[in-house]
Amino acid sequence: MTVIRHPRRASVRHRNWPPCRRCSGLALDLGSARTRAWLAGRGVVLDVPTVTFPGTGAVRPVRRGTIVDTAGTARMLDRLLGHRLPRFGRPLVVVTAPVLDGPAFRAAARTAVEVLRPRAVLTVPGARAVALAAGADHLRPLLVVDIGAQLTEVVLLADGAVTDARRAALGTADLTGGTAPSLITEAVVGMVTAMLRQDRTELTRAALRRGVLLAGGGALRPDITRGLPEGLGCAVRQVPSPHTAAVRGAAGLLAAAHHHPSLTGTV
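So, here is what we can say about the structure in this document. For clarity, every value in this text was computed on a predicted model and none was experimentally measured.

Turning next to the packing of helix α1 (residues 70-81) against helix α2 (residues 102-113). Interhelical geometry of α1 versus α2 gives an angle of 45° and a closest axis separation of 8 Å. The angle between α1 and α2 places the two elements in the oblique class. Here α1 and α2 pass one another in a crossing that is right-handed. Contact residues: Thr70, Thr73, Ala74 and Leu77 in α1; Ala108, Thr111, Ala112 and Val113 in α2.

Structural data, given as structure tokens:
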């Protein structure tokens, strides 16, 4: 399990862009198991396995929330999206990123996305994208649990910024090898319990009183989620269509960026 506690908020660089309501845009969620893409004006256009084909069979370029093959990721994006983008013009691209190991992921993602000739690339923590998709009140503390195929994240947001995060290298893909679903449930409860012990503020307790927001493909697994309310001692609310929540939240940020030309860099 990896831990991050109360990081400083990342600075946001600013560049003046002319507002453009017709500019092309793309939201991307590069998951360890599946890649999802949302294209401006068309909605979700991709929900496919995250694989590349270097000539020796299928290879997964993203593992446990880390881009392990940047060139392979670029080839995959070119194959899946190159023909879907407008021939003229350069898209604004928003990419979701795991909270922990975020800088390395963001750097690799930006390099891979260059194959699509983006006008600019924004990155957003996956938990924040989930909160945006859920329409959650970002001014109040919020606890987001994202159960993916190879990674489970528990993230505390306050004023829309990450203040604490934990992750376990465990997900739904691990359950095929005889791993009990209860192990993921126990991992989530353990991470939240550790947050409570180490939080010198009231943010975690305030978020739990509000209830946990649940996303990721694991949110669709009752054998994982049924024990969470009792284990956490609070309400657990599933985001609508939890498996696509991150890309839909990124799409919302994409729309906001088109209408707020000062946004750029890392969000």
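Next up on the list: the pairing of strand β2 (residues 25-30). The side chains of a regular strand alternate between the sheet's two faces. Summarising burial for β2: six of the six residues are buried, a large majority. Of the two faces of β2, the one carrying Gly25, Ala27 and Asp29 and the one carrying Leu26, Leu28 and Leu30 are both buried. As paired strands, β2 and strand β7 (residues 92-97) are joined by four bridges and run parallel to one another. By the bridge assignment for β7, Gly25 is matched with Leu92. Here five bridges tie β2 to strand β3 (residues 34-39), and the two strands are oriented antiparallel to one another.

Attention now moves to unusual backbone geometry. It is generally the case that most residues other than glycine have a negative phi and that most peptide bonds are trans. One non-glycine residue, Arg64, adopts positive backbone phi at about 50°. Considering the arrangement of structural elements, one finds Arg64 in the loop between β5 (62-63) and β6 (66-67).

Calculation notes
Residues numbered from 1 in each chain as written. Predicted model: local features only at pLDDT ≥ 70, side-chain atom pairs only at ≥ 80, totals over all residues. Heavy atoms only, no water. Axes fitted to C-alpha atoms, helices over the stretch in contact; angles between N-to-C directions. Helix = DSSP H or I, 4+ residues; strand = E, 2+ residues; numbered from the N terminus. Parallel < 35°, antiparallel > 145°, perpendicular 65-115°, else oblique. Left-handed = near helix turned anticlockwise from the far one by under 90°. Contact = heavy atoms within 4.5 Å. Buried < 20%, exposed > 50% of the residue type's maximum accessible area, 1.4 Å probe, protein only. Pairing = 2+ DSSP bridges.

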